[in-house]
Amino acid sequence: MEKSKQEHQIIDESYENAVSALLSPLHQSTTPSAIRAAAARRKATLQDMHVYLRRLGLDLNDAPSPSSSSFSSQPPPLILHVTGTKGKGSTLSLCESLLRRHHNLHTGMFTSPHLVDIRERIRIDGRPISKENFGKIYWRGRRSLKRF
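Parameters and conventions
- Residues numbered from 1 in each chain as written.
- Predicted model: local features only at pLDDT ≥ 70, side-chain atom pairs only at ≥ 80, totals over all residues.
- Heavy atoms only, no water.
- Helix = DSSP H or I, 4+ residues; strand = E, 2+ residues; numbered from the N terminus.
- Expected span 1.5 Å × (residues − 1).
- Buried < 20%, exposed > 50% of the residue type's maximum accessible area, 1.4 Å probe, protein only.
- Pairing = 2+ DSSP bridges.
- Contact = heavy atoms within 4.5 Å.
- Polar contact = N/O pair within 3.5 Å; in protein donor to acceptor, adjacent residues only side chain to side chain.
- Salt bridge = Lys/Arg side-chain N within 4 Å of Asp/Glu carboxyl O.
- Core = buried A, V, L, I, M, F, W, Y, C linked by side-chain atoms within 4.5 Å.

## A look at helix α6 (residues 131-146)
Then step 1. The terminal C-alpha atoms of α6, which comprises 16 residues, lie 22 Å apart, in line with the 22 Å expected from a rise of 1.5 Å per residue.
Then step 2. Of all the positions in α6, only Phe 134, Gly 135, Tyr 138, Trp 139, Gly 141 and Ser 144 are classed as buried.

Next up, the structure:
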């Protein structure tokens, strides 16, 4: 079976191309009808989030228990998923700060939309990721989700 031309293309996985792809009409609803269609698809967002996390290699249902033989001193990742119409970013920022400062935990945070710089959407231990890592992570995630 022949691979498509698109599969043969080498993608420049730079920060600039990641931002361009993320802000393209492929990812952004730009017309009232497209916005309504996107909203209509959002019926089972919690179940959808579990599907997307599994596609990215984070299956919350397969976390080892303390009694399992695969349990290690490294606990499974804890995920806080905040939804609603107002205050999500502030709520996550507060939680993230408390976890880092008062519990000495390493944190990763994803929010959307950003305020000033698109890299604000992904923070590791309270700091926006580098441009280089943003590009790498965007393209890795896109490939992982595209396989399905």
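## Some details on the sheet that holds strand β2 (residues 122-124)
Then step 1. Read from one edge of the open sheet, three strands run β1-β2-β3, paired in antiparallel fashion. Unpaired on one side and paired on the other, β1 (108-110) and β3 (127-128) mark the two borders of the sheet.

## Quick word on the environment of Leu 80
Then step 1. Relative to the helices and strands, Leu 80 is located in the loop between α4 (45-55) and α5 (88-103).
Then step 2. Excluding its chain neighbours within four sequence positions, the residues that come into contact with Leu 80 are Leu 92 and Cys 95.

## Concerning the environment of Asn 17
Then step 1. Mapping Asn 17 onto the fold places it in helix α2 (residues 15-22).
Then step 2. Of the residues examined, Asn 17 reaches a relative accessible area of 31% and is grouped as partly exposed.
Then step 3. Asn 17 sits 121 residues away from Tyr 138 along the chain, and the two C-alpha atoms are 9.7 Å apart.
Then step 4. The residues contacting Asn 17, other than those within four sequence positions of it, are Asp 12 and Trp 139.
Then step 5. Side-chain polar atoms of Asn 17 contact the backbone oxygen of Asp 12, separated by 3.0 Å.

## Observations concerning the side chain of Glu 96
Then step 1. Checked against the element boundaries, Glu 96 lands in helix α5.
Then step 2. Side-chain polar atoms of Glu 96 contact the side chain of Arg 100, separated by 2.7 Å.
Then step 3. With residues near it in sequence (within four places) discarded, Glu 96 still touches Thr 107, Met 109, Asp 125 and Gly 126.

## Section: the pattern of salt bridges
Then step 1. Considering all chains together, one arrives at four salt bridges under this definition.
Then step 2. Between Arg 100 and Glu 96 there is a salt bridge whose closest N-O contact spans 2.7 Å. With Arg 100 and Glu 96 both in helix α5 and four residues apart, this pair spans about one turn of that helix.
Then step 3. In this structure Glu 96 comes out as buried when scored by relative accessible area, which is 7%.
Then step 4. Between Lys 136 and Glu 132 there is a salt bridge, with its nearest N and O atoms 3.0 Å apart. On the criterion of helical spacing, the pair formed by Lys 136 and Glu 132 is a turn pair, its members being four residues apart in helix α6.
Then step 5. Residue classification places Lys 136 among the partly exposed residues on the basis of a relative accessible area of 38%.
Then step 6. Residue Glu 132 is classed as exposed on the basis of its relative accessible area of 55%.

## Details of the nonpolar core
Then step 1. Core analysis: the biggest nonpolar cluster contains eleven residues, these being Tyr 15, Ala 18, Val 19, Ala 21, Leu 22, Ile 118, Ile 122, Ile 129, Phe 134, Tyr 138 and Trp 139.
Then step 2. At the level of elements, α2 and α6 are the ones that each hand at least two residues to this core.
Then step 3. Among the elements that line this core, the one with the most residues is α2, at five residues.
Then step 4. Those residues within four positions of Tyr 15 in sequence are excluded, and the remaining contacts are Asp 117, Ile 118, Arg 119, Lys 131, Phe 134 and Gly 135.

## Re unusual backbone geometry
Then step 1. The linkage connecting Ser 112 with the following residue, Pro 113, adopts the cis geometry, with an omega of 5°.
Then step 2. By the secondary structure assignment, Pro 113 is in the loop between β1 and β2.
Then step 3. A positive phi angle, near 50°, is found at Asn 104, a position not held by glycine.
Then step 4. By secondary structure assignment, the location of Asn 104 is in the loop between α5 and β1.

Structural measurements only, silent on function.
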